[in-house]
Amino acid sequence: MKKIKVGVIGGGFIGPVHVESLRRLGYIEVVAIATTNAAGAEALAQKLCIPKGYGDYMELIADEQVEAVHICAPNYLHYSMAKAAILAHKHVVCDKPLAMTSAEGEELLALAEREGVVAAVSFNLRYYPLLHQVKAMIDAGELGEIYAVNGSYQQDWLQLPTDYSWRLEPEQAGEARAIGDIGSHWLDGAEFMTGLRIEKVCADFATFLPVRKKPKKAIQTFSVKMLTNDDYEDMEITTEDYASVLLRFGGGARGTLTVNQAAAGRKNRLYYEIYGSKAGICFDGEMPNQLWIGKRTGNNEIMIKDPSLAMPLAQEIMSYPGGHAEGFGDAFKQCFKQVYDYILGGQQGEKRFPTFEDGVREMKISEAIVKSARAMAWGEVE
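Each chain carries its own residue numbering, running from 1 in the direction its sequence is written. At least 70 in pLDDT is required for a residue's local features to be given in this predicted model, at least 80 for side-chain atom pairs to be given and counted, and no such filter applies to totals for whole chains, interfaces and linings, which use all residues. To get the side-chain values, all heavy atoms of the structure are used, and hydrogens and water are removed first.

Draft legend 1. Here's a closer look at the nonpolar core. Here the nonpolar core consists of buried residues drawn from Ala, Val, Leu, Ile, Met, Phe, Trp, Tyr and Cys, with membership extended through side-chain atoms lying within 4.5 Å. Buried residues are those whose accessible area, probed at 1.4 Å on protein chains only, stays under 20% of the maximum for their type, while exposed residues exceed 50% and partly exposed ones sit between those limits. Core analysis: the largest hydrophobic core is formed by 49 residues, its most contacted members being Trp186, Leu247, Leu270, Ile274 and Leu291. Going along the chain from the N terminus, every DSSP run of H or I of four or more residues is numbered as a helix, and every run of E of two or more is numbered as a strand. With 8 residues, helix H8 (residues 178–194) is the largest single contributor of residues to this core. Beyond its immediate stretch of four places on either side in the chain, Trp186 contacts Val149, Asn150, Gly151, Ser152, Leu247, Thr256, Leu257, Leu270, Tyr271 and Tyr272. Throughout, a residue-residue contact means that at least one pair of heavy atoms, one from each residue, lies within 4.5 Å.

Here it is as structure tokens:
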């Protein structure tokens, strides 16, 4: 099988995750990585056994070996990096959000279509195998008419005044912080599983920590920080720690979403409850290998991730037999597999991976949620 040569931009938390997940496919060769300076890039390239490290992402994009570019940099850079890669006729896999505004995202979508490159957004969390199982069950009518979609995405990594990240700064991350950072994954998954589109939203935001302690030197996301008081400066925070959102779906279904990045003890809890006229399901991302199935007229069930018991759509993204857990890293691998299988197949057939169109869609929902929270009123998703 032909190997595809890939370059990764970004050396923080998520860049190395992409590198590892790509290598697990077997037919991807990561040939270059770029960070913000040459010395750091070379050190990271050596650590990850990548042949080339660039201190300027444009050098990576210009590298003739690189056929596809993965963008794992801060949000405000996504638009310029994706645009440069597309114009260089490289395929692109961009971390969410696709850009800082939906207008920028639409420009990138049109550009990718014009240039004929594959353009994907790494909404990896829809690739937990049991979320594909839920989609297959809904498509088969096993839940019946969908009445309600409820859930949350909660973490505690920004609970303390000394917890800090560039994601707190709207200039780097965008106007929607908790909603844009993790709520976007939940919203993408809700529409992916149900096939329903969110039409209206009503949101309430809260910033629990209006002033935080920003380290005077750079730290990595989720890293353990051993700093003293003199190592910090006070920073005013204007983005949301918390959001509650009422949702109205096309067809009449209702929904609720709670997002909280200051939820003590919740490390990375993606949570769904979907109720229909025939049955309901419950999925907890901190226990991603089991699915609760609820019934009014029969026994409730706990389904364990097992390809021999799953529907074909879910079987396709399970690599291991029952009793062998698959989680966060596996979700990236399965997402990237669909992207690169499509490339190797000559870009023919259905695009089964999250595309730039999905990225624009998520941004429009997030923008509607931000607008709703500011107006304290219902708003429509464009």
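Draft legend 2. Main features of the sheet that holds strand E11 (residues 242–249). In space, the 9 strands of this open sheet follow the order E16-E15-E14-E13-E7-E12-E11-E8-E17, with mixed pairing throughout. Looking at which strands have only one partner, the edges of the open sheet turn out to be strand E16 (301–304) and strand E17 (379–380). As paired elements, strand E14 (residues 280–284) and strand E15 (residues 290–294) share 4 bridges and run antiparallel to each other. Paired with Phe283 across the strands is Leu291, a residue of E15. The sheet strands contacting H8 are strand E7 (146–154), strand E8 (198–206), E11, strand E12 (254–260) and strand E13 (269–276), and the helix crosses E12 at an angle near 150°. Only strands that DSSP links by at least two bridges are regarded as paired with each other. What counts as an axis is a line fitted to C-alpha atoms, over the stretch in contact for a helix, and the angles between N-to-C directions run from 0 to 180 degrees.

Draft legend 3. Geometry of the packing of helix H5 (residues 102–115) against helix H11 (residues 356–375). Running from N to C, H5 and H11 point in directions that differ by 170°, and their axes come no closer than 9 Å. Taken together, the axis directions place H5 and H11 in an arrangement best described as roughly antiparallel. Taking contact as the criterion, the partners of Ser102, Gly105, Glu106, Leu108, Leu109 and Ala112 in H5 are, on H11, Phe356, Glu357, Val360, Met363, Lys364 and Glu367. Of the residues in the contact of H5 with H11, the class split is 6 nonpolar, 2 polar and 4 charged. We call two directions roughly parallel when the angle between them is under 35 degrees, roughly antiparallel when it is over 145, roughly perpendicular when it lies between 65 and 115, and oblique otherwise. Throughout this entry, Asp, Glu, Lys and Arg are counted as charged residues, while Ala, Val, Leu, Ile, Met, Phe, Trp, Tyr, Cys and Pro are counted as nonpolar. The remaining residues, Gly among them, count as polar.

Draft legend 4. Looking closely at unusual backbone geometry. Residue Pro97 is reached from Lys96 by a cis peptide bond, and omega for that bond is -5°. Looking at where Pro97 falls in the secondary structure, it is placed in the loop between strand E5 (91–94) and H5. Of note in the backbone geometry, Cys49 takes a positive phi value of approximately 60° without being a glycine. Secondary-structure assignment places Cys49 in the loop between helix H2 (38–47) and strand E3 (52–54). Here the phi dihedral of Gln347 falls at roughly 60°; this positive angle occurs in a residue that is not glycine.

Draft legend 5. Examining the pairing of E8 more closely. Strand direction decides the pairing type here: E8 and E11, joined by 8 bridges, are antiparallel. By the bridge assignment, Val201 is partnered in E11 with Leu247. In this structure, E8 lies alongside E17, joined through 2 bridges in antiparallel fashion. Residue pairing for E17: Lys200 is matched across the bridge by Glu380.

Draft legend 6. The arrangement of the packing of aromatic side chains in detail. The criterion for an aromatic pair is that two Phe, Tyr or Trp rings (for Trp, the six-membered ring) have centres within 6.5 Å, with stacked assigned to planes under 30 degrees apart, edge-to-face to planes over 60 apart and tilted to the rest. This model, assessed by the stated rule, comprises 6 aromatic pairs. Ring geometry for Phe208 versus Tyr242: centroids 5.7 Å apart, planes at 50°, classification tilted. With a gap of 34 residues between them, Phe208 in the loop between E8 and strand E9 (211–215) and Tyr242 in strand E11 connect regions that are remote in the sequence. On the basis of relative accessibility, which here comes to 21%, the residue Tyr242 falls in the partly exposed class. Taking the centre distance of 5.5 Å and the plane angle of 65° together, the rings of Tyr342 and Phe353 count as edge-to-face. Here Tyr342 is found in helix H10 (residues 328–344), whereas its partner Phe353 is found in the loop between H10 and H11, with 11 residues between them in sequence. Overall, Tyr342 belongs to the buried group, its relative accessible area being 10%.

None of this, on its own, says anything about what the molecule does.
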